[in-house]
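# Descriptive analysis of the structure
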Amino acid sequence: MNKFFINKQNGTKRSGINNWLIFLSVVLVGFGTFLTPRVIHAAATQTYTDQFQNSTTTLSGTSVTASMYFSKESYWNVKKATFNLSYQASQLTNKQTSDITVTVNGVKCTSFRPQTGDGTQTKEISIPTKLLAADNQLTVTGQIETQKKNQVVQATQTPANWLTITDASNVSFSYKLNQADTTISAFYTHFIGDDTVNQQRAVLATADTPTNADLTASMLALSGTSRTISAQANQVQIERWSKVQADDGDYVIMVATYQELPAIFKKVITEDQVTKHAVIKAVTDKGRHYLIVTANNDRLLKRAGRFVANQELMTESQQESISLSDQTAIDSASADLNRETYQLTDQAVQFTGTGHHEGDYYVSLPNDRTNADGSTVSLKLKYSDNLDFKRSLVTVSVNDTLTGSHRLVRGRINGDRLTFKLPRGTALSNSLDVKVAFDLALNGANQTADSDSPWVTIEPTSKMTVKSQQSNDLLLTNYPTLFIKNETYNHLAVVVPKTLNDQDFKTLSNLFNLIGSYAKLNTGSIQFYQHPSKTVLKNSNVIAIGTPKQNPLIKQLNSKLYFKYARSWETFKSNEKLSLTSSYGHTIGTDQLLRSPYNAKRGLLVVTGATSQATYLASTQLNTASTIQQYTGDAIVVDTDNQHTGYRFKKNKAIDRALTVKRNLNQNTQLLIYLGAALIVIIAIGAAIILVMKKQGLLKRGGRSNDK
């Protein structure tokens, strides 16, 4: 326990001798606190469920395979892990010959006969804890057969051979926590843990009346934590210090300039320590864990915020406290910034047995980029020689877009390299699902079930090459990547009210948990303002938050808004898209993505409502990637019943119109070449016809011959 949390006792005045004895005792206890290891009491058993990111998937064929991924926190002492499989098998499935096998990290755990019926079936499968790693692959393979026992294998598959794995499937853990020690790395590891965030035990706090530097440093720190959280629904909340109610097991990051730092933290960080340095210090009291981030000036505080945003530096900090100067290296590594090639798997993956097999492999693009023509998937395969090579093939699709199929070839069984080109104009998101499907058949039409099983292996040298380009749409489909460049903040100015209330902090939590998850590097430019200059507005992408009465910039922008305020500033007016009563307009919140009136090549997002509660409602549609994907326009309206609607106002969506013209020309270069060649041919044919007609004298005197 840190002695700065010990409060002075009330009571009668003691004698001088007693006071000296008490002082000596406190000193000895204080030394004992630092010399004696902290005692960690055994925590009660806790539970956490890791939901797979896979959507509901139907696997067709007599032989099926599906892969799922889950993680385990390093500080868990796992007592029990359970795979909860939610599935439905074909009603024609033969229970005597069909089976499902579960494999974890390449080791088979269990096999069972699938149950059939009209509804979804569930199966609890115990996972041996010794197989668990930090990142885990769980594979479900099965034989879904409809023929009777001892019947020869059917020559062709039918639509009746299928297995559906629903998105309700998950892995649940029962574990005890290994409590964090007082190092920065231990605090950070626990703070970003999915269980900590999911159970709302992770909080980022700042001063009750934060300065712009406090807010900027806080959002930088939040960016570093939000991008490491795997589940979208899990968010770190931002609160003012007076609202923080820390309980046993909670983790709190406190970011503030030293002048704004609560007095309780000034007991462990003296003013002398922050004279020329920023300080980051981990402390623990009665099971509550704190990370203090402070400095004596705005510049160093922002550097400290960037340090917290660097995951590598935080996990490497094996000490209780660090001091940062202007010379301390804090920037994130950017070696993969212009990366184009992505490995599909880091180990060989084998599929065994006749029928249909599928494997899913995930590729993440930089969040501010989109697919360009020329992307390819390259597979390196090995397979058995007992295949029917006329009927065995591999099919590749990307985000459910078919890229092509290819037969397996006998002469390449020890090393087959296949390349699949994505169709021109294919639209890809930042997360790519590369699905590789095999249909394997034995050589001979009537093989028995006892025949040697065919197999195919995907080698680790398999890869995807992605050609990408900077996004150029000024629509919500490009949010928040509009404010990101090279995976970091792109000159972002955030304009907030001078005085922030509780609803405003909740609004900031929603916005920056999402934006921060896209800012993978800590080197970008972000700054908070109350009254930005015209120069700042001209050179920045802008987010304005609050009511028009709170935020003068929103009042100034009213004529540019799609949903404009009435003169009272208490309600929105009707427009060509939506009729509004004054009472209803008072309660709704709006998100409006404008072309900046200060710079036509910049975006300006206004998150606003007539009340702070309405502004918060608007922010609820900008808090997760899955939520914002619902909207394709440039405005959102949300009411108190959570009825939300998207609208499109601007006709030209391009941020840089000249860039759009250039890209269109580049994308249609081949077409232009063909058109040019065709035009040349037409001109040549026309010229030839004219020459022939002249030679024959058909062009003279209306086409009559001049011969006498």
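A quick note: this is a predicted structure, and the numbers were derived from the prediction, not measured.

The rules behind the values
Residues numbered from 1 in each chain as written. Predicted model: local features only at pLDDT ≥ 70, side-chain atom pairs only at ≥ 80, totals over all residues. Heavy atoms only, no water. Helix = DSSP H or I, 4+ residues; strand = E, 2+ residues; numbered from the N terminus. Buried < 20%, exposed > 50% of the residue type's maximum accessible area, 1.4 Å probe, protein only. Contact = heavy atoms within 4.5 Å. Areas by Shrake-Rupley, 256 points an atom, 1.4 Å probe, with all protein chains shown as cover. Lys, Arg positive; Asp, Glu negative; His and termini not counted. Salt bridge = Lys/Arg side-chain N within 4 Å of Asp/Glu carboxyl O. Polar contact = N/O pair within 3.5 Å; in protein donor to acceptor, adjacent residues only side chain to side chain. pLDDT = per-residue confidence, 0-100. Patch = residues over 30% accessible without salt bridge, like charges linked within 9 Å, V, L, I, M, F, W, Y side chains within 5 Å. Expected span 1.5 Å × (residues − 1). Pairing = 2+ DSSP bridges. Core = buried A, V, L, I, M, F, W, Y, C linked by side-chain atoms within 4.5 Å. Phe/Tyr/Trp six-rings, centres within 6.5 Å; stacked < 30°, edge-to-face > 60°. Axes fitted to C-alpha atoms, helices over the stretch in contact; angles between N-to-C directions.

### Here's the deal with the overall build of the chain
- Helix and strand content of the chain: 15 helices and 37 strands.
- Looking at the chain as a whole, 51% of its 708 residues qualify as buried.
- A fraction of 76% describes how many contacts in the chain between residues 6 or more apart in sequence connect residues 24 or more apart.
- Surface summary for the chain: the accessible area is close to 34,500 Å², and the carbon and sulfur share equals 50%.

### Looking at the side chain of Lys72
- Relative to the helices and strands, Lys72 resides in the loop between strand E3 (63-71) and strand E4 (76-89).
- Although Lys72 lies buried, it forms no salt bridge, and the closest oppositely charged side chain, Glu73, sits 8.3 Å away as judged by the N-O distance.
- Apart from residues no more than four positions distant in its own chain, Lys72 is found in contact with Val78, Leu132, Ala133, Ala134, Asn136 and Phe173.

### Description of the environment of Ser86
- Tracing the chain through its elements places Ser86 in strand E4.
- Residues contacting Ser86, with those up to four places away along its chain left out, are Thr120, Gln121, Thr164, Ile165, Thr166, Ala168 and Ser169.
- Among the polar contacts made by the side chain of Ser86, one reaches the side chain of Thr166 at a distance of 2.7 Å.

### Focus: the confidence of the model for the chain
- Overall, the predicted model of the chain reaches an average pLDDT of 85, with 84% of residues at or above 70.
- Contacts from residues 703-708, a stretch scored under 50 in pLDDT, to residues over four places away or in other chains number 4 contacts.

### Considerations on the pattern of salt bridges
- Enumeration over the complete set of coordinates arrives at 11 salt bridges.
- Notably, a salt bridge pairs Arg299 with Asp326, separated by 2.9 Å at the nearest N-O pair. In this pair, Arg299 sits in helix H6 (residues 298-308) while Asp326 sits in the loop between strand E16 (321-324) and strand E17 (341-343), placing the two residues 27 residues apart along the sequence.
- For Asp326, a relative accessible area of 35% translates into the label partly exposed.
- The salt bridge involving Glu487 is made with Lys520; its shortest N-O contact spans 3.7 Å. Placement of the pair is Glu487 in the loop between strand E29 (484-485) and strand E30 (488-489) and Lys520 in the loop between helix H8 (502-518) and strand E32 (526-529), with a sequence separation of 33 residues.
- On the basis of relative accessible area, Lys520 is assigned to the partly exposed category, the value being 31%.
- Beyond isolated ion pairs, a larger network of salt bridges with shared partners links Arg240, Lys243 and Asp502.

### Re the environment of Ala437
- Positionally, Ala437 belongs in strand E25 (residues 431-440).
- Classification of Ala437 as buried rests on a relative accessible area of 8%.
- Remark: the alpha-carbon pair of Ala437 and Leu393, spanning 44 residues in sequence, is separated by 8.4 Å.

### Notes on a nonpolar patch on the surface
- A cluster of nonpolar side chains, Val681, Ile685 and Ile689, forms an exposed patch at the surface whose accessible area comes to about 260 Å².
- Mapped onto the elements, Val681 comes out in helix H15 (residues 669-695).

### Focus on helix H4 (residues 212-226)
- In this model H4 runs 21 Å from its N-terminal to its C-terminal C-alpha over 15 residues, within 8% of the 21 Å that 1.5 Å per residue would give.
- Of all the 15 residues making up H4, 14 are buried; the element is thus mostly covered by neighbouring parts of the structure.

### Some thoughts on the pairing of strand E21 (residues 376-383)
- Across the 8 residues of E21, 6 count as buried, placing the element largely inside the fold.
- Judged from the 6 bridges that link them, E21 and strand E24 (residues 416-421) form a sheet pairing that is antiparallel. Looking at the pairing, Leu381 lines up with Asp416 of E24.
- The pairing of E21 with strand E27 (residues 463-465) spans 3 bridges and is classified as antiparallel. Along E27, the bridge assignment pairs Val377 with Met464.
- As paired elements, E21 and strand E26 (residues 455-458) share 3 bridges and run antiparallel to each other. Paired with Lys382 across the strands is Thr457, a residue of E26.

### A short note on the nonpolar core
- Ile280, Tyr479, Leu508 and Phe512 are the most contacted members of the largest nonpolar core, which has 73 residues in total.
- Contact partners of Ile280, with chain neighbours within four places excluded, come to Ile184, Leu291, Ile292, Val293, Ala304, Phe307, Val308, Glu320, Ser321, Ile322 and Leu324.
- Phe52, Phe70, Trp76 and Ile127 belong to the second largest nonpolar core, which has 32 residues in total.

### Quick word on the packing of aromatic side chains
- Applying the stated criterion across every chain yields a total of 23 aromatic pairs.
- Measuring from ring centre to ring centre gives 5.7 Å for Tyr48 and Trp76, while their planes differ by 55 degrees; the resulting arrangement is tilted. Of this pair, Tyr48 sits in strand E1 (residues 46-51) while Trp76 sits in strand E4, and the two are 28 residues apart along the sequence.
- A relative accessible area of 5% means that Trp76 is categorised as buried.
- Between Tyr383 and Phe389, the aromatic rings sit 6.1 Å apart at their centres with planes inclined by 55 degrees, giving tilted as the arrangement.
- Its relative accessible area of 1% is what places Tyr383 among the buried residues.
- Feature note: the residues Tyr48, Phe52, Phe70, Trp76, Phe83, Phe173 and Tyr175 constitute an aromatic cluster, connected by ring pairs.

### Examining the sheet that holds strand E36 (residues 635-638)
- Spatially, the 7 strands line up as an open sheet ordered E32-E31-E33-E35-E34-E36-E37, and their pairing is mixed. Edge positions in the open sheet fall to E32 and strand E37 (644-647), since each of these has one partner strand only. Taken over all neighbouring pairs, the strand axes of this sheet differ in orientation by 15 degrees on average, direction set aside.
- Bridge count between strand E33 (residues 541-545) and strand E35 (residues 603-609): 4 bridges; the pairing is parallel. From the neighbouring strand, Val542 faces E35, where its bridge partner is Leu604.
- Against the sheet, H8 contacts strand E31 (492-495), E32, E33 and E35, and its axis sits at roughly 155 degrees relative to E33.

### Structural notes on the sheet that holds strand E5 (residues 99-104)
- Taken in spatial order, the 4 strands line up as E3-E8-E5-E6 in an open sheet, and their pairing is antiparallel. What marks the edges here is a single partner per strand, and that holds for E3 and strand E6 (107-112). Geometrically, the sheet is characterised by an average inter-axis angle of 20 degrees between neighbouring strands, direction not taken into account.
- Judged from the 5 bridges that link them, E5 and E6 form a sheet pairing that is antiparallel.

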